[in-house]
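Spelled out from the first residue to the last, the chains are:
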Amino acid sequence: LLLLLLAAAWGPCFSGAPRSPQRRWPVPYRRFDYRPKTDPYCQARYTFCPTGSAIPVMKEEDVIEVYRLQAPVWEFKYGDLLGRLKIMHDAVGFKSSLTGKNYTMEWYELFQLGNCTFPHLRPGMDAPFWCNQGAACFFEGIDDAHWKENGTLVLVTTISGTMFNEMAKWVKYDNETGIYYETWTVQASPDKQSIVWFDSYECSKFILRTYQKLADLGAIFKKIQTNYTSIILFSGEPVYLGNETSIFGPLGNKTLAAAIRDFYYPFKPHQTVREFFVDMLKIIDRVILNHQFYLFYNLEYWFLPMKFPYLKIIYEEVPLPVASKTSFGV
């Protein structure tokens, strides 16, 4: 990911790109009937949701405070380093007035961000191998120091126990059907009215969906500013290429398969500084000079005809939702 950020920052401006037939934009995020088992090959440096627990059933008469939580990505290891680039992680906190207990709920990668963004090229396997599942994590307690020191911990609304229990049912559905992490937002230009080709599916989008569900249940949110991080690729109209079978299968397109594998190769983990800079030059050549990017989305591959400014990290305001019906039980 760092390689691509640096390549975009150094690249000049070019134009011209192939086009695909008219499609629905943004491409709808695909939901699934169940969550598949993860492959033992996929390993995380840090365990996913190590203290996770089931979401409790709250008493109907309970009054529950809802908190917006935000901190720099990997704040526990690097402090505010990524916060200076506005690369933030989002979560939501709850506090029960009846029990006094606090809870944290978030959604993130099972095997860290790099594995969700780029695949592994495994020996003996033609197709790139992805470890890109994401999931919700719920646990008791709110680490005040973690969220307050370099981020945000602020009350955004108050809900009833009934509303919390309804939200919990929705979280179960959302978590069982939306199973793959999507790092990139892809759009045509930096303009606010620009066409969005693909929308990301990551921690902030889960929090936004949660807030919207609470608003649908009647939660009334405070009028405060809320910003979220997006990593955006800029591209002409994407070209659909196919899925793993149609590209890498026995009857697949060997030339295209080789091109996709060759594109992903420089994004592998690096052992030496020399490897890093050699692969950096390859990325600049492909993404910036030749306007090429291969996107994996909904288990399918797309070609992105890249264009200036290629990549940008934004920290943009997304207002809290407005309640769609009368709040009950608060």
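Above this note sits the structure.
Below is a short write-up of the structure.

Criteria and cut-off values
- Residues numbered from 1 in each chain as written.
- Predicted model: local features only at pLDDT ≥ 70, side-chain atom pairs only at ≥ 80, totals over all residues.
- Heavy atoms only, no water.
- Helix = DSSP H or I, 4+ residues; strand = E, 2+ residues; numbered from the N terminus.
- Expected span 1.5 Å × (residues − 1).
- Buried < 20%, exposed > 50% of the residue type's maximum accessible area, 1.4 Å probe, protein only.
- Salt bridge = Lys/Arg side-chain N within 4 Å of Asp/Glu carboxyl O.
- Contact = heavy atoms within 4.5 Å.
- Axes fitted to C-alpha atoms, helices over the stretch in contact; angles between N-to-C directions.
- Parallel < 35°, antiparallel > 145°, perpendicular 65-115°, else oblique.
- Left-handed = near helix turned anticlockwise from the far one by under 90°.
- Nonpolar A, V, L, I, M, F, W, Y, C, P; charged D, E, K, R; others polar.
- Core = buried A, V, L, I, M, F, W, Y, C linked by side-chain atoms within 4.5 Å.
- Polar contact = N/O pair within 3.5 Å; in protein donor to acceptor, adjacent residues only side chain to side chain.
- Disulfide = S-S within 2.5 Å.
- Phe/Tyr/Trp six-rings, centres within 6.5 Å; stacked < 30°, edge-to-face > 60°.

## Topic: helix H6 (residues 203–216)
Between its first and last C-alpha, H6 extends 20 Å over 14 residues, near the 20 Å set by a 1.5 Å rise per residue. The element H6 is largely enclosed, with a buried count of 10 among its 14 residues. Looking only at H6, the buried set comprises Cys203, Ser204, Lys205, Phe206, Ile207, Arg209, Thr210, Tyr211, Leu214 and Ala215.

## A few points about the pattern of salt bridges
Applying the stated criterion across every chain yields a total of 9 salt bridges. For glutamate 316, the salt bridge identified is with lysine 192, shortest N-O distance 2.9 Å. With glutamate 316 in strand E11 (residues 300–317) and lysine 192 in the loop between strand E6 (185–187) and strand E7 (196–198), this pair connects stretches of sequence that are 124 residues apart. Under the relative-accessibility criterion, lysine 192 is labelled exposed at 69%. For aspartate 262, the salt bridge goes to arginine 286, with nearest N and O atoms at 3.0 Å. With aspartate 262 in helix H8 (residues 254–264) and arginine 286 in helix H9 (residues 273–289), the pair connects residues that are 24 residues apart, well separated along the chain.

## Things to note about helix H5 (residues 161–177)
For an α-helix, the turn length of 3.6 residues means that residues three or four places apart are oriented alike. In a regular helix each residue adds 1.5 Å, so 17 residues correspond to 24 Å; H5 covers 25 Å between its end C-alpha atoms and thus fits that length. On its buried side, H5 packs onto strand E1 (63–72), strand E2 (88–96), strand E3 (102–109), strand E4 (134–140), strand E5 (152–160) and H6.

## Some points on the packing of H5 against H6
For the pair H5 and H6, the least separation of the axes is 10 Å and the interaxial angle reads 140 degrees. It follows that H5 is oblique to H6 by the angle criterion. Here the hand of the crossing between H5 and H6 comes out right-handed. Taking contact as the criterion, the partners of Met163, Met167, Trp170, Val171 and Asp174 in H5 are, on H6, Phe206, Arg209, Thr210, Lys213 and Leu214. Residue classes in the contact of H5 with H6 are distributed as 6 nonpolar, 1 polar and 3 charged.

## Some details on unusual backbone geometry
Residues other than glycine predominantly adopt negative phi, and peptide bonds predominantly adopt the trans conformation. Cis rather than trans, the peptide bond between tryptophan 25 and proline 26 has omega equal to -10 degrees. Positioned with a positive phi, tryptophan 74 is a non-glycine residue whose angle comes to about 55 degrees. Inspection of the secondary structure assignment puts tryptophan 74 in the loop between E1 and helix H2 (75–78). Positive phi values are uncommon outside glycine, yet histidine 291 reaches one of about 55 degrees. Along the polypeptide, histidine 291 turns up in the loop between H9 and strand E10 (292–297). Classification of histidine 291 as buried rests on a relative accessible area of 11%.

## Remarks on the nonpolar core
By size, the foremost hydrophobic cluster in this structure holds 72 residues, and its most contacted members are Phe94, Trp184, Phe198, Tyr264, Phe293 and Leu295. Of all the elements, E11 adds the most residues to this core, at 7 residues.

## Some details on the environment of glutamine 292
One can find glutamine 292 in strand E10. With a relative accessible area of 28%, glutamine 292 lands in the partly exposed category. Once the C-alpha coordinates of glutamine 292 and glycine 114 are considered, the two residues, 178 residues apart in sequence, prove to be 20 Å apart. Those residues in contact with glutamine 292, other than ones at most four positions away along the chain, are Phe263, Arg286, Val287, Phe303, Leu304 and Met306.

## Focus on the side chain of asparagine 227
Following the sequence through the fold, asparagine 227 ends up in strand E8 (residues 227–235). The class of asparagine 227 is buried, set by a relative accessible area of 11%. A distance of 3.3 Å separates a polar atom in the side chain of asparagine 227 from the backbone oxygen of tyrosine 315. The residues touching asparagine 227, leaving out its near neighbours within four places in the chain, are Arg68, Gln70, Asp90, Tyr315, Glu316 and Glu317.

## Quick word on the state of the cysteines
Under the definition given, this model contains 2 disulfides. Residue cysteine 42 pairs covalently with cysteine 131 via a disulfide, S to S 2.1 Å. Linking cysteine 42 and cysteine 131, the disulfide has an S-S dihedral of approximately -80 degrees and is accordingly described as left-handed. With cysteine 42 in the loop between helix H1 (2–10) and E1 and cysteine 131 in the loop between helix H3 (112–117) and E4, the pair connects residues that are 89 residues apart, well separated along the chain. The buried category is assigned to cysteine 42, whose relative accessible area is 8%. Note on cysteine connectivity: cysteine 49 is disulfide-linked to cysteine 137, with sulfurs 2.0 Å apart. Taking the torsion about the S-S bond as the criterion, the cysteine 49 to cysteine 137 disulfide, at about 80 degrees, is right-handed. Within this pair, whereas cysteine 49 is found in the loop between H1 and E1, its partner cysteine 137 is found in strand E4, the two being separated by 88 residues in sequence.

## Observations regarding the packing of aromatic side chains
The relation between two aromatic rings is expressed through the spacing of the ring centres and the mutual angle of the planes. What the rule picks out here adds up to 33 aromatic pairs. Here phenylalanine 94 and phenylalanine 164 contribute two aromatic rings whose centre-to-centre distance is 5.2 Å and whose plane-to-plane angle is 90 degrees, an arrangement assigned as edge-to-face. Of this pair, phenylalanine 94 sits in strand E2 while phenylalanine 164 is found in helix H5, placing the two residues 70 residues apart along the sequence. Pair check on accessibility: phenylalanine 94 and phenylalanine 164 agree, each one buried. With 6.1 Å between their ring centres and 20 degrees between their planes, tryptophan 170 and phenylalanine 206 make a pair best called stacked. Here the residue tryptophan 170 occupies a position in helix H5, and phenylalanine 206 occupies one in helix H6, the gap between them amounting to 36 residues. Per residue, the accessibility class of tryptophan 170 equals that of phenylalanine 206, and both read buried. Three or more aromatic residues joined by ring pairs make a cluster, and in this case those are Phe118, Trp130, Trp184, Phe248, Phe263, Tyr264, Phe267, Phe293, Tyr294, Phe296, Tyr301 and Phe303.

So yeah, pure geometry; function would need other evidence.
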